[in-house]
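# Chains, contacts and geometry: an overview
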Amino acid sequence: MSRFFVTTPIFYVNAKPHLGHAFTTILADAMTRFHRLMGDEAFFLTGTDEHGDKIAKASDEAGQSPKEYADQISGLFRALGPMLGAKPDHFIRTTDPEHIKTVQKVLQKVYEAGDIYFGEYGGHYCFGCERFYTEKELVDGMCPDHKTRPEYIAEKNYFFRMSKYQAWLIEHINQNPDFIRPARYRNEVLSLLESGALEDLCISRPKSRLTWGIELPFDQDFVCYVWFDALLNYVSALNYPRGEKFKKFWPANHIVAKDILKPHAVFWPTMLKAAGLAPYQSLNVHGYWLVRDTKMSKSLGNVVEPKQMVDAYGTSAFRYFLLREMAFGSDASFTEEALVGRLNADLANDLGNLFNRVLSMTHKYFEGKVPSPTAETEEDAELKRLGRDAMRNFQGHFAEFRTARALESLWELVRALNKYIDTSAPWTLFKNKDKARLGTVMYMLLEHMRKIAVHLWPVMPEASVKMLEQLGCCFDLDKVNLAKEPEVWGLLDSGLAVLQTSNLFPRVEVPEPAPPAALEVETPKAPAAEPKKKAPPKAPEGPVGPADSIEFADFQKLDLRVGTVLSAAKHPDADKLLVVQVALGDPEPRQIVAGLADRFSPEDLVGKQVVVVANLAPRKLRGIQSQGMILVAKDAEVTRLLTAAGTVDDGGKVA
RNA sequence: GGCGAGGUAGCUCAGUCGGUCAGAGCAUGCGGCUCAUAUCCGCAGUGUCGGGGGUUCAAUUCCCUCCCUCGCUACCA
């Protein structure tokens, strides 16, 4: 059994969790679950970074102590995981006493080894630009912008002799292609290292300026500054140096966003080297989430609240979207429309509908029991090959953090199953009483669906468990061996009782596009996020779930009217559809194509008054324009037309 | 300014160590099925693979140059 240790960065407690934090957490959780399914022992670490000026300042303004302030924000980050369906194994805080002890231990060790020295930190500071300039940047000793002579500001501080390990680091990166990935960031780091001499890293601040930090063990007048504190969380969380966890799980697989590439790709490995520790295993760098192609920022008022998305669409759809949409290493764009697009196209139409149709057929043809397969055809073998390849590709990509491509691969199987249904036409087999073949076809589908459900556990744990339950299975991590799934066949037991219907991913209306960014600045409180959707994908199973409440304004959007059916006829190209003309009080009758042919004959409708949704967007149904919808009431047994208790003028409003 | 990444169908992107590589999904149009969640399946597209030049029998894929976009270059998490 191999081991897998994955980390998110520790999040700085100067702001609330946002989409970026959510994504990193979800990715780490998905990788953890994936490795557990593959049979590895995994450990997932996250936490908060709590020292530094910004926190000292912010807490001051809030009238709190830094610790109180940090406690509060850290709590928000601690709650992030559960909200997203993510389960970190440990949540570390840089204010934890154990962490502080570890930092001091490592500092002392590196200090004694001679790699920390006391020196002067300073530079040519231009007050106009509010920045330091290097000698090289100055033009004749003047600021290139202001043409003034910058002031030299100096401060004594401790430095880490990072430059000493530059050659070693270049060599290590060259020797280990997966040390930093994707390759673009590896190249970026290499060019950074090779372009110029690495400077030493300033790791302290005098207490006269900053007290909110970890005191240097070898000089009480200074606190540790930033990276020597923050980065060491990755080992202090494992109780370095003596902890069992450290011995078991180090080296780490880090996940970071591209903004903290340099500290993780340069500072951290050299720090480990200087402290006599093995380098981490891999650094996995992802891009930013943009909102409508713009960087997310509070000042623009376009910050996406993970909680709102989860509340509106559920953790499964949210996780699926993030992991499916962002190509590893690249930026991606978050919009609610895109999320809903994925939810409808991939989850509702392709996957959810697949489950629903297959479960329904299993009930119609086999009393809801998984049938036993018999002889397989070439077509079946072909499908299995495709499935095997899809699963192998999924696993290969997922293991290397390419979740988008992994899911793309898996969906090739989902689509193939829908296609297999079409070509093998179970309803025809049923009509022809070919039970043997029908059983094989259904088993092919059900067993593949089980495999898909298992593969999706890392991405959508909640939905995956439901899918398996619908197939009559119960999820047991210890019994799954994902690595073998592409090769083995027949793990789904015949005779299992499956659910009759599946409502995993109900379709959702496309939200109205958010107002332009300029408007959002004006009204930062009320951005698009208002989800006027229907049921979140919470509904466990069965046909009816409790409906979510809507606002009266939402109801008012419906234009419900009473009208008399003038004529009705079978749709020429559809079995279930009727083409109905309804008088709604307008000069022209309204043409509505209704899916009622299986329950009503045209004669049943003509002359009746019905209730119509009059402002439904027109749509062609099998080639014929439909301008509305006829309402019915139905239970498990019967379907009745919805109508008024007495006669009403055509066009009468329902309110 | 320096360094880096990228500019491929309406949209989001794959892809090519130079030769069936011009692709996928979404969106659009048309056709088919009826087990299913206005769902599924099939077919159809359009693309000067950013502009120009070069190397080659052959370049979207290599070289040069130009244009555009975005990052990093700030001990700042």
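Check the entry above for the structure.
What you see is a predicted model; the values in this text were computed from it and never measured. (Residues numbered from 1 in each chain as written. Chains lettered and ligands numbered in written order. Predicted model: local features only at pLDDT ≥ 70, side-chain atom pairs only at ≥ 80, totals over all residues. Heavy atoms only, no water.)

## Details of the overall build of chain A
For the record, the criterion: Strands are runs of DSSP state E lasting at least two residues, helices are runs of H or I lasting at least four, and both sets are numbered from the N terminus onward. Any two residues whose heavy atoms approach within 4.5 Å at even a single point are treated as in contact. Each accessible area is a Shrake-Rupley estimate made with a 1.4 Å probe; only the visible protein chains count as cover when residues are assessed.
Scanning chain A for helices and strands turns up 20 helices and 25 strands. Contacts in chain A between residues far apart in sequence, at least 24 positions, make up 74% of those at least 6 positions apart. When the accessible surface of chain A is summed, it comes to about 30,600 Å², and 52% of that surface belongs to carbon and sulfur atoms.

## Section: helix 11 (residues 306-325)
Stated formally: The span expected for a helix works out to 1.5 Å for each residue beyond the first. Across the chain, bend at a residue is computed as the angle between axes fitted to the seven residues ending at that point and the seven starting from it. Whether a residue is buried, partly exposed or exposed follows from its accessible area with a 1.4 Å probe, protein chains only, as a fraction of its type maximum: under 20%, in between, or over 50%, in that order.
When the terminal C-alpha atoms of helix 11 are compared, their 16 Å separation across 20 residues is substantially less than the 28 Å that a helix rising 1.5 Å per residue should span. Its axis deflected by about 115° at Gly 314, helix 11 carries its strongest bend there. Among the 20 residues in helix 11, 16 count as buried, and that is most of the element.

## Describing the pattern of salt bridges
What counts here: One side-chain nitrogen of Lys or Arg within 4 Å of one carboxyl oxygen of Asp or Glu is enough to make a salt bridge.
A full pass over the atoms with the stated rule returns 30 salt bridges. With a closest N to O distance of 4.0 Å, Lys 247 and Glu 244 form a salt bridge. Separated by three residues within a single helix, Lys 247 and Glu 244 lie in helix 9 (residues 244-249), roughly one turn from each other. Each member of the pair, Lys 247 as well as Glu 244, is classed as exposed. One salt bridge connects Glu 325 with Arg 342, and the closest N-O pair in it is separated by 2.7 Å. Taken together, the positions of Glu 325 in helix 11 and Arg 342 in helix 12 (residues 336-366) put the pair 17 residues apart, joining distant regions of the chain. Residue class for Glu 325 comes out partly exposed when judged on its relative accessible area of 27%.

## What to know about the protein's contact with RNA strand B
In plain terms, the rule: Throughout, the term near means that a residue has one or more heavy atoms lying within 4 Å of the molecule or strand in question. Counted as a polar contact is a pair of N or O atoms within 3.5 Å, where, for protein atoms, one must be capable of donating a hydrogen and the other of accepting one, and residues adjacent in sequence contribute only when both atoms are in side chains.
The full set close to RNA strand B counts 40 residues, and Asp 49, Tyr 225, Gly 352, Asn 353 and Arg 357 are the nearest of them. Restricting attention to atoms of RNA strand B within 4 Å of the protein, one finds that 68% of them are sugar or phosphate atoms. Between RNA strand B and Asn 353, the relevant distance is 2.4 Å, taken from a sugar or linking oxygen to a side-chain nitrogen or oxygen of the residue. Between Arg 405 and RNA strand B, the recorded distance is 3.4 Å, taken from a side-chain N or O atom to a phosphate oxygen. For the surface near RNA strand B, the elements supplying multiple residues, two or more each, are helix 6 (183-195), helix 12, helix 14 (403-424) and strand 21 (619-621).

## What to know about helix 5 (residues 166-175)
Formally: Throughout, the arc means that of the directions going from the helix axis to the C-beta atoms.
Every buried residue of helix 5 is accounted for by Gln 166, Leu 169, Ile 170, His 172 and Ile 173. Relative to the axis of helix 5, the buried residues are bounded by an arc of 165° and lie together on one face. Every exposed residue of helix 5 that faces more than 90 degrees away from the buried side is listed here: Ala 167 and Gln 175.

## Some details on the environment of Val 106
Along the chain, Val 106 turns up in helix 4 (residues 97-112). Note: C-alpha distance between Val 106 and Asp 229 (123 residues apart in sequence) is 9.9 Å. With near-sequence residues (within four places) excluded, Val 106 lies in contact with Phe 228, Leu 232, Tyr 240 and Ala 275.

## Details of the nonpolar core
Quick reminder of the rule: Only buried Ala, Val, Leu, Ile, Met, Phe, Trp, Tyr and Cys residues count toward a nonpolar core, and they belong to the same one when joined by side-chain atoms within 4.5 Å.
Residues Phe 318, Phe 334, Leu 351 and Met 460 are the most contacted members of the largest nonpolar core, which totals 106 residues. With 13 residues, the single largest contributor to this core is helix 12.

## What about the packing of helix 13 (residues 378-399) against helix 14?
Between two packed helices, both the angle of their axes relative to each other and the distance between the axes serve to describe the pair. Note the threshold: For every element, the axis is a line fit to its C-alpha atoms; helices are fit only across the contacting stretch, and the angle between N-to-C directions ranges from 0 to 180 degrees. For classification purposes, angles smaller than 35 degrees are called roughly parallel, those larger than 145 roughly antiparallel, those between 65 and 115 roughly perpendicular, and all remaining angles oblique. Two helices cross in a left-handed way if the nearer one is turned anticlockwise from the farther one by less than a right angle. They cross in a right-handed way if the turn is clockwise. Put simply, Ala, Val, Leu, Ile, Met, Phe, Trp, Tyr, Cys and Pro go in the nonpolar bin, Asp, Glu, Lys and Arg in the charged bin, and everything else, Gly too, in the polar bin.
Running from N to C, helix 13 and helix 14 cross one another at 165°; their axes reach a closest spacing of 7 Å. As far as their axial angle goes, helix 14 and helix 13 are roughly antiparallel. Considering how the two elements wind past one another, helix 13 and helix 14 form a crossing that is left-handed. When its residues are assigned to classes, the contact of helix 13 with helix 14 shows 12 nonpolar, seven polar and four charged.

## Topic: the sheet that holds strand 11 (residues 219-224)
Definition in use: By definition, two strands form a pair when at least two bridges between them are found by DSSP.
Here we have three strands laid out as an open sheet, ordered 9-11-10, and antiparallel in their pairing. Bordering the open sheet on either side are strand 9 (204-206) and strand 10 (215-216), each of which pairs with just one other strand. As paired elements, strand 10 and strand 11 share two bridges and run antiparallel to each other. Bridge pairing in strand 11 places Leu 216 opposite Asp 219.

## Remarks on unusual backbone geometry
Between Arg 181 and the following residue, Pro 182, the backbone shows a cis peptide bond with an omega angle of 0°. Examined against the element boundaries, Pro 182 turns out to sit in the loop between strand 7 (180-181) and helix 6. For the bond running from Tyr 240 to Pro 241, omega is 5°, close enough to zero to count as cis. Turning to its location among the elements, Pro 241 is positioned in the loop between helix 8 (233-236) and helix 9. Although it is not a glycine, Asn 239 sits at a positive phi angle of roughly 60°. If you trace the backbone, Asn 239 turns up in the loop between helix 8 and helix 9. Of the residues examined, Asn 239 reaches a relative accessible area of 36% and is grouped as partly exposed. A positive phi angle is found at Phe 401, which is not glycine, with a value near 70°.

## Description of the sheet that holds strand 13 (residues 282-286)
Pairing is parallel in the open sheet, where six strands are placed in the order 3-2-1-12-13-7. For this open sheet the edge positions go to strand 3 (90-93) and strand 7, each flanked by a neighbour on one side alone. The sheet contact formed by strand 12 (residues 253-257) and strand 13 spans five bridges and is parallel. Following the sheet pairing, Val 256 is matched in strand 13 by Val 285. Along the sheet, helix 1 (residues 19-37) contacts strand 1 (3-12), strand 2 (41-49), strand 12 and strand 13; its crossing angle with strand 1, the most-contacted strand, is approximately 170°.

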